Each structure stands twice: as C-alpha cells, then as structure tokens.
Amino acid sequence: MEHLMSSAPHMVDVLTIGKSSEGRPLKVVKVSTGKEMGKPAIWIDGGMHGREWIAPAVALYILKQLVENQLNSNISIIQKLDWYIMPVVNPDGYEYTHVTDRFWRKSRSKTQDAEFEENRMFWDSARECAGVDLNRNWDFHWGEVGSSDNPCSPNYSGLRPFSEPETRAVSDFILDKRDQLKAYITLHSYSQMWLIPWGFTKQKVADYEDLLYLGKKAIESLSKVHGTKYTIGTSPALLYPTSGSSDDWAKGKAGIQYSYTVELRDRGTYGFLLPATQIVPTGRETFAGVRTLAKSLINNRELKKSHQGRRRPRIGVQWQQLSDS
Ligand SMILES: [Zn+2]
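Residues numbered from 1 in each chain as written. Predicted model: local features only at pLDDT ≥ 70, side-chain atom pairs only at ≥ 80, totals over all residues. Heavy atoms only, no water.

Asks: Whenever I open this one, the UniProt feature "active site" (unreviewed entry) in the protein confuses me. Can you help?
Replies: Summarizing the sequence annotation, UniProt attributes the feature "active site" (unreviewed entry) to Glu-263 in the numbering used throughout. Within the secondary structure layout, Glu-263 lies in strand 8 (residues 258-264). Those residues in contact with Glu-263 that sit more than four places away from it in its chain are His-188, Ser-189, Tyr-190, Ser-191, Gln-192, Met-193, Leu-195, Tyr-230 and Leu-239. (UniProt positions renumbered as here; feature names shortened; annotations may be inferred. Helix = DSSP H or I, 4+ residues; strand = E, 2+ residues; numbered from the N terminus. Contact = heavy atoms within 4.5 Å.)

Asks: Help me understand the coordination of the zinc ion, please; the structure alone is not making it clear to me.
Replies: Between any two of four tetrahedral donors, the ideal angle at the metal is 109.5 degrees; between two of six octahedral donors, it is 90 or 180 degrees. Around the zinc ion, the protein supplies His-49 (ND1), Glu-52 (OE), Glu-52 (OE) and His-188 (ND1) as donor atoms, at distances of 2.1 to 2.3 Å. Taken together, the 4 donor atoms surrounding the zinc ion define angles of 59 to 150° at the centre, an arrangement classified as irregular. The sequence pattern formed by the donor residues of the zinc ion is H-x2-E-x135-H. On the criterion of sequence distance, the pair formed by His-49 in the loop between strand 3 (41-46) and helix 2 (54-68) and His-188 in strand 5 (residues 181-189) is long-range, its members being 139 residues apart. His-49 sits in the buried class, given a relative accessible area of 2%. (Donors = N, O, S within 2.8 Å, 3.2 Å for Na, K, Ca; no water. Tetrahedral: all angles 85-135°; square planar, octahedral: opposite > 155°, others 65-115°. Buried < 20%, exposed > 50% of the residue type's maximum accessible area, 1.4 Å probe, protein only.)

Asks: Any chance you could explain helix 7 (residues 208-226) here in plain terms?
Replies: The α-helix advances 3.6 residues per turn, and as a result positions three or four apart in sequence lie on the same side. Given a rise of 1.5 Å per residue, 19 residues ought to cover 27 Å, and the 28 Å separating the end C-alpha atoms of helix 7 matches this to within 8%. Listed as buried for helix 7 are Tyr-208, Asp-210, Leu-211, Leu-212, Tyr-213, Leu-214, Gly-215, Ala-218, Ile-219, Ser-221 and Leu-222. (Expected span 1.5 Å × (residues − 1).)

Asks: In this structure, what is going on with the pattern of salt bridges? I would like to understand it.
Replies: Within this structure, the stated rule accounts for 11 salt bridges. As a salt-bridge pair, Lys-27 and Glu-2 come within 2.9 Å of each other at their nearest N and O atoms. Taken as a pair, Lys-27 in strand 2 (residues 25-31) and Glu-2 in helix 1 (residues 2-7) lie far apart in primary sequence, 25 residues in all. A salt bridge links Lys-177 to Asp-176; its shortest N-O distance comes to 3.7 Å. (Salt bridge = Lys/Arg side-chain N within 4 Å of Asp/Glu carboxyl O.)

Asks: Would you take a moment to explain the nonpolar core for this structure?
Replies: Note that soluble globular proteins tend to have their nonpolar side chains buried in a common cluster. With 74 residues, the main nonpolar core has Ile-42, Trp-43, Ile-44, Trp-83, Ile-174, Leu-187 and Trp-194 as its most contacted residues. If you tally residues by element for this core, the top one is helix 2, at 9 residues. (Core = buried A, V, L, I, M, F, W, Y, C linked by side-chain atoms within 4.5 Å.)

Asks: Is there a simple way to think about the pairing of strand 7 (residues 231-234) in this case?
Replies: The side chains of a regular strand alternate, residue by residue, between the two faces of the sheet. Here strand 6 (residues 193-196) runs beside strand 7; their pairing, made up of 4 bridges, is parallel. Bridging from a neighbouring strand, Leu-195 pairs with Gly-233 of strand 7. (Pairing = 2+ DSSP bridges.)

Asks: Would you mind going over unusual backbone geometry with me for this structure?
Replies: Comment: phi is negative for the bulk of residues other than glycine, and the bulk of peptide bonds are trans. Cis geometry marks the peptide bond from Ser-189 to Tyr-190, where omega comes out at 5°. You can see Tyr-190 is positioned in the loop between strand 5 and strand 6. A cis amide bond links Pro-197 to the next residue, Trp-198, at an omega of 5°. With respect to the helices and strands, Trp-198 occurs in the loop between strand 6 and helix 7. Even without being a glycine, Phe-162 presents a positive backbone phi close to 55°. Position of Phe-162 relative to the elements: it lies in the loop between helix 5 (114-118) and helix 6 (165-176). Overall, the relative accessible area of 17% leaves Phe-162 in the buried class.

Asks: Teacher, can you tell me more about the environment of His-226 here?
Replies: Among the secondary structure elements, His-226 is positioned in helix 7. Note: C-alpha distance between His-226 and Arg-284 (58 residues apart in sequence) is 8.8 Å. Within the structure, His-226 has its side chain in polar contact with the side chain of Arg-284 (distance 3.1 Å). (Polar contact = N/O pair within 3.5 Å; in protein donor to acceptor, adjacent residues only side chain to side chain.)

Asks: Teacher, can you tell me more about the state of the cysteines here?
Replies: Disulfide: a covalent bond formed between the sulfur atoms of two cysteine residues. Counting across every chain of the model gives 1 disulfide. Disulfide partner of Cys-129: Cys-152, at an S-S distance of 2.1 Å. With the S-S dihedral at roughly 95°, the linkage between Cys-129 and Cys-152 falls on the right-handed side. Separated by 23 residues along the polypeptide, Cys-129 in the loop between helix 5 and helix 6 and Cys-152 in the loop between helix 5 and helix 6 bring together distant segments of the chain. Overall, Cys-152 belongs to the buried group, its relative accessible area being 6%. (Disulfide = S-S within 2.5 Å.)

Asks: Hey, could you run me through the packing of aromatic side chains in this one?
Replies: To describe a pair of aromatic rings, you give the distance between the ring centres and the angle between the ring planes. Using the criterion set out here, one finds 13 aromatic pairs in the structure. Consider the rings of Tyr-96 and Trp-104, whose centres lie 5.3 Å apart with planes at 70°: the pair is edge-to-face. Judged by its relative accessible area of 15%, Tyr-96 falls in the buried class. We classify Trp-104 as buried; its relative accessible area is 8%. Ring centres of Phe-140 and Phe-200 lie 5.7 Å apart, and the angle between their planes is 90°; on these two criteria the pair is classed as edge-to-face. (Phe/Tyr/Trp six-rings, centres within 6.5 Å; stacked < 30°, edge-to-face > 60°.)

Here you go:
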C-alpha cells in the first residue's frame, strides 16, 4: 500500500482511519483520479476474519490492478469511480493466525463482559475467550440469529453493537462517505458465493432482483477467467442466517444499494488453507467480477442521468434495457 502511494501519489492515498484493539493502524487505500470531487465510489474490504487469508490477498490484487494495470478495459472504472480498499479490517486476528493459531477468526480484544469475568473459574481455563466476531458486531439487527453472547464462541457478537474499535472505525468512515458509495463489497472465504442481504431474515430485500441481476453479471465475468463456479443468493438460503453482519448494515443502515459478501475460493477441498498457487488466479477472477460490477454501476448512472426530470422507471426494467443495449 505504501509502495503504491509512493509510486503513484497522484492517484493513491493511504488513510489511517483508527487503531485496532492491540494498537495496530487500520488502513484504507483511496484510489482516485482527476480533480472531480465526490465521484461515485466502491468500497472493498477484506480480512475481517483472521484465518481467511485469501481475502486480504485479493483486496491487494484488485488494488494493484487498479493502480498499475490501466488497460483499456480498466480506464473507465478508475476515471469515473473512486475506490476505497481496506485489505485488513482485523489486523490483530490476522497477526494471531500467523504466530499462534492458524484458524483464529475473531479480533483479539479483551472481553469486557464483567459477568463472564466473575464466572471465569467455571469456564474451561484452557479455552481461548478473547476477541469478538467482527462480522457479528455491526449495529443492524445486532445479537439476533446466528450470533452468540458467549465470549468463548467463534461467533461472539461483543457486548454491544460496535463495541470494537475496528467496526467503529470502518462504519464511521463509511457513513461519512455514504452519499458517494454505490457498492459495498466485503471479501471472506470460503464457499465461492456472492451473498446478497439480508442475512438476519429469510425475507428478501426490496430490490433483491437488482442485486441479483448485477451479482449474476459479476459472477458470469468471474467464471470466464478460470471456469470457477460461484453461486448467488442470500446467506440464510445458501449458508446460514447471520445478524450484525457488515453487508446487512451497509444496506440497511448506511443505505448503500449494492451490498455483497463475497465468499472466495474454494468449496472446502483446502478451505482456509488455500494453496498459494491459487492466490493469483483467485485475484484475477475476482477482479474480473468486480470490474463488471463497476462498469454496470457507471452505465446505470448514465442511464439515470438521462432519465432526470422524468419519473424514474422501475430499476428491474432499467437493468433489462441495459443488458439488451
Ligand atoms: Zn469470514
């Protein structure tokens, strides 16, 4: 990130938006060209869960492509959009997976649960009960289905919504840019899925068809690169229900229309221990999907402009027209 900033200072800025529980800087890279302020933007984060090593790698791959590989096919998406990329939301958990426990998922904060501390003697002292599942800590239907109030659980939601410095920093930043942000993409692993909100209920979001349409276009482009098959749908339908997750919050609270959780490779053969030989192919295909999404957003925006002053057509119809043009 620092290298890209020094090699392309006109378009790359590294922003420190806060500190983790253990004091590590939380860094977001902004990629922006030209002088136009407040362009539509896309947010991509990775590494919210420590053990999902492919996610920070893919975020960095996308970043590098945007900055260094400005082929014809990439020009419009960096000229017409700003990009905010945060490769590691959970640096403490990520570090912990490198030095202590490869399968650690949560952050590394000390538990603030006084009741739990009082009763610690009743818990198995060998169990590791630090940290919060940062993807259950967001302030939208927090603490409901698919999360745990037990600090020892891998899905511990924390004492309260946004109890963690990591989720607070990211959500504050996103709220500040909410008018600009048109898409929120959070990279996780594994299962090869593009997940659409909601996670907390089986009910579909009102504009589900729009999110499905765009997501399908993205995974079609993705699969053309190496033939990798992705499925698309909601978490309750494809995996399990979740609450307090970042994609639900981005959609439900921040109001970002296109919000997706991307579960990267693979489907379980190696799981979190994805071989290094798959890092670049996963980056390459995911970038193809993200690029298609970005281009669709640009086109949609132009279409919306042309409809200004008129009654806005149903978006489903709009997308249909787009696909035919
Ligand atoms: Zn995850």
